[in-house]
Structures are given as C-alpha cells and as structure tokens.
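Coordinate analysis (summary)
Chain residues, written in single-letter form:
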Amino acid sequence: MASFYPGNVADHEVYQLTSATLDPVAEIGDLLIVSNYATVHARNLVVACFGQHLFARRYNLVDAHPGIVVLTGQSVDPTAMPEPVIVSKETAQMKKIVGTVFTRHTLPIPPFEEGREVAPVGDGASLNKLLDGARLLEVRGRSAEPIALNGQFLITRNIMKTAPEIKTLDGRPVVAVDEDGTRYFKRLQCSGQIAILESLNPDGTTASELLTFDDSLSLPKITHALEVIGVLFELP
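Here's a quick rundown of the structure.

Criteria and cut-off values
- Residues numbered from 1 in each chain as written.
- Predicted model: local features only at pLDDT ≥ 70, side-chain atom pairs only at ≥ 80, totals over all residues.
- Heavy atoms only, no water.
- Phe/Tyr/Trp six-rings, centres within 6.5 Å; stacked < 30°, edge-to-face > 60°.
- Lys NZ or Arg CZ within 6 Å of the ring centre and 35° of its normal.
- Core = buried A, V, L, I, M, F, W, Y, C linked by side-chain atoms within 4.5 Å.
- Buried < 20%, exposed > 50% of the residue type's maximum accessible area, 1.4 Å probe, protein only.
- Helix = DSSP H or I, 4+ residues; strand = E, 2+ residues; numbered from the N terminus.
- Contact = heavy atoms within 4.5 Å.
- Salt bridge = Lys/Arg side-chain N within 4 Å of Asp/Glu carboxyl O.
- Pairing = 2+ DSSP bridges.

Regarding the packing of aromatic side chains
- Following the criterion strictly, the structure yields zero aromatic pairs and no others.
- Directly above the aromatic system of F213 lies the positively charged group of K167, at a separation of 5.0 Å from the ring centroid.

Structure follows, in structure tokens:
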C-alpha cells in the first residue's frame, strides 16, 4: 500500500461530473482528476473543451478521417446512452482523465448546464482535503471491472476494524478483508451480523460474498475494511 499525497495532483485540474456520460466509472456528482500534461490516446476518458462546450467522454479516432475525433458516452442503461459528439482535432482541446473520486454523496452537485457535462472545481482545495491521508492499493486481476482495471489503483482511507466502525461504510464501495486475508473490492451492505459484499459490476454475473461480523455463523469473519473513495488510473 502506497501513500497518496495531495501534492501529487499539483499539475492537474479537477472537474465535477454533472451528466451521466461516464457510468459506471463515474456518476453524477463525482470528481474527475484531469492531467494537464498526459498524452491522450485512443479510448482514453477525457474532458474535451469545444467552444463553450465541456464534454466528459471517451476519446475515439476514425482511421478513415484522421482530422476528427468521436466523443462517446457510456451508460449502464442502454436507453440512456448519450449521443456521440464529433469534433475537429484542431479546434477541440482534450485533457486526459486520470482518476475519479466518489463524492456524489458528500459534495453538492452543481446545476446542469446544456452543453457542459462537467463543472470546474475551483483550486482543488476540496480534493486535497479528501485525499489527505489516502493510500493506494493496486488492482490485480479483473474482479474490480468496470470500476477499476488491472494495474489501476484504488484510493482508500479510514481503516475500520470494529463492527460498528465497518457498518458506517454501509452502502459504500470498500476493500473488505476476511480472517484468511482475502481481499474483496465490493459494495458493502449490512444486515444484522452479516456483511453482504455486492459486485460493482452491473452485468449481474458476479455473485455476492457473505461475511460475518462475529462467530455466530459458519461464514468467514470480516476483520477490517477500508473505505474506497476513488480510482487512480495511472500514477501522477
């Protein structure tokens, strides 16, 4: 586990998502960490500035038309898929999204403005406060998809060790650890003495895991949990 210091994001900008264009990687109200220097490659998530418009989309190239970029949105609801946006490489400014912070429940959501899918967040002081004392856990394997991919990093904080402490994370994404040392990146749902760890993958193909807070049931016991507050796609 590596430390994550607010100073690591000094050369970055922060935006808050106001439109459902990046589900499930980021939802309305979440913060986007955007690099001022990282090279944008095909299929990267970007914040794109085009005239007065601000888009939060996936960056796609078209081999037959090298001068244009297609910005596509994504959604867990096929009926709500955003329409693609076609822009010129010469007139649109692209900045790579390198991380997300889950603030949809903790920060007020700015009002939606037509043509602006994100809102700039001042000087990033709110992000620095959120990341103070945070730690990184590298993702290995595909169990965290699509929220986090192999080789990316979960931003964690607040190690909870007692049952009352762990239960304060009810409904949040966590890294839960059982008595055998197995780690689970799931959404925690608490029901009495049972910790239900639900998959973050919306396709419904991954079963939930059941742990217990005490020794009264023949289930693995949860020993501690870390609150997951975001995902870093690459190190600054």
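On we go.
Quick notes on the nonpolar core
- If you look at the biggest cluster of nonpolar residues, it comprises 27 residues, and the most contacted ones within it are L22, L32, V47, I97, V118, L154 and F185.
- The set of elements that each furnish at least two residues to this core consists of β2 (12–17), β3 (31–35), β4 (45–50), β5 (53–61) and β16 (222–232).
- Here this core takes three residues from β16, the largest share from any one element.
- When near neighbours in sequence (up to four residues on either side) are disregarded, L32 contacts E13, V14, Y15, L17, L22, A26, V47, A56, I97, G99, T100 and V118.
- One finds I33, V98, L127 and L232 within the second-largest nonpolar core, a separate group that totals 15 residues.

So, the environment of A176
- Note on placement: A176 falls in strand β12 (residues 173–178).
- Spatially, the C-alpha atoms of A176 and T223 are 7.9 Å apart, while their sequence positions differ by 47 residues.
- Apart from residues lying up to four places away in sequence, A176 is in contact with T182, R183, Y184, L197, I222, H224 and A225.

What about unusual backbone geometry?
- In this model, D23 is joined to P24 through a cis peptide bond whose omega is 0 degrees.
- Here P24 lies in the loop between β2 and β3.
- With a phi close to 80 degrees, R43 is a non-glycine residue in the positive phi region.
- Counting through the fold element by element, R43 comes out in the loop between β3 and β4.
- In this model, N158 sits at a positive phi of 55 degrees, which is unusual for a non-glycine residue.
- On the secondary structure map, N158 appears in strand β11 (residues 153–160).
- For N158, a relative accessible area of 40% puts it in the partly exposed group.

A word on the side chain of K186
- By secondary structure assignment, the location of K186 is in strand β13 (residues 183–191).
- Those residues in contact with K186, other than ones at most four positions away along the chain, are R172, P173, V174, L197, E198, S199, L200, T206, A207 and E209.

Regarding the pattern of salt bridges
- Across all of its chains, the model carries seven salt bridges by this definition.
- When the shortest N-O distance is used, the salt bridge between K96 and E234 registers 2.8 Å. One end of the pair, K96, is in strand β8 (residues 93–101); the other, E234, is in the segment after β16, with 138 residues separating them in the sequence.
- A salt bridge links E227 to R157, with the shortest nitrogen-to-oxygen separation between them at 3.4 Å. Separated by 70 residues along the polypeptide, E227 in strand β16 and R157 in strand β11 bring together distant segments of the chain.

Brief notes about the pairing of β13
- In this structure, β12 lies alongside β13, joined through five bridges in antiparallel fashion. Across the sheet, the residue bridging to P173 is R187, located in β13.
- Linking β12 to β13, which pair antiparallel, is a turn of four residues; within it G181 sits at a positive phi near 85 degrees.
- As defined by bridge partners, β13 adjoins strand β14 (residues 194–198) across five bridges and the pair is classed as antiparallel. If you follow C190 over to β14, its bridge partner there is A195.

Concerning the pairing of β16
- Among the eleven residues of β16, nine are classified as buried, and the element is accordingly described as predominantly covered.
- Looking at chain direction, β8 and β16 are connected through three bridges and run antiparallel. Its bridge partner lying in β16, T100 is registered against V231.
- As judged from the seven bridges shared by β11 and β16, these two strands associate in the antiparallel manner. Each bridged residue has a counterpart across the sheet, and for M160 the counterpart in β16 is A225.

Brief notes about the environment of I229
- Summarising the element assignment, I229 is placed in strand β16.
- Relative accessible area serves as the criterion here: at 4%, I229 is assigned to the buried category.
- Separated by 36 residues in sequence, I229 and Q193 have C-alpha atoms that sit 24 Å apart.
- Setting aside residues up to four positions removed in sequence, I229 forms contacts with T100, V101, F102, L130, L131, I155 and R157.

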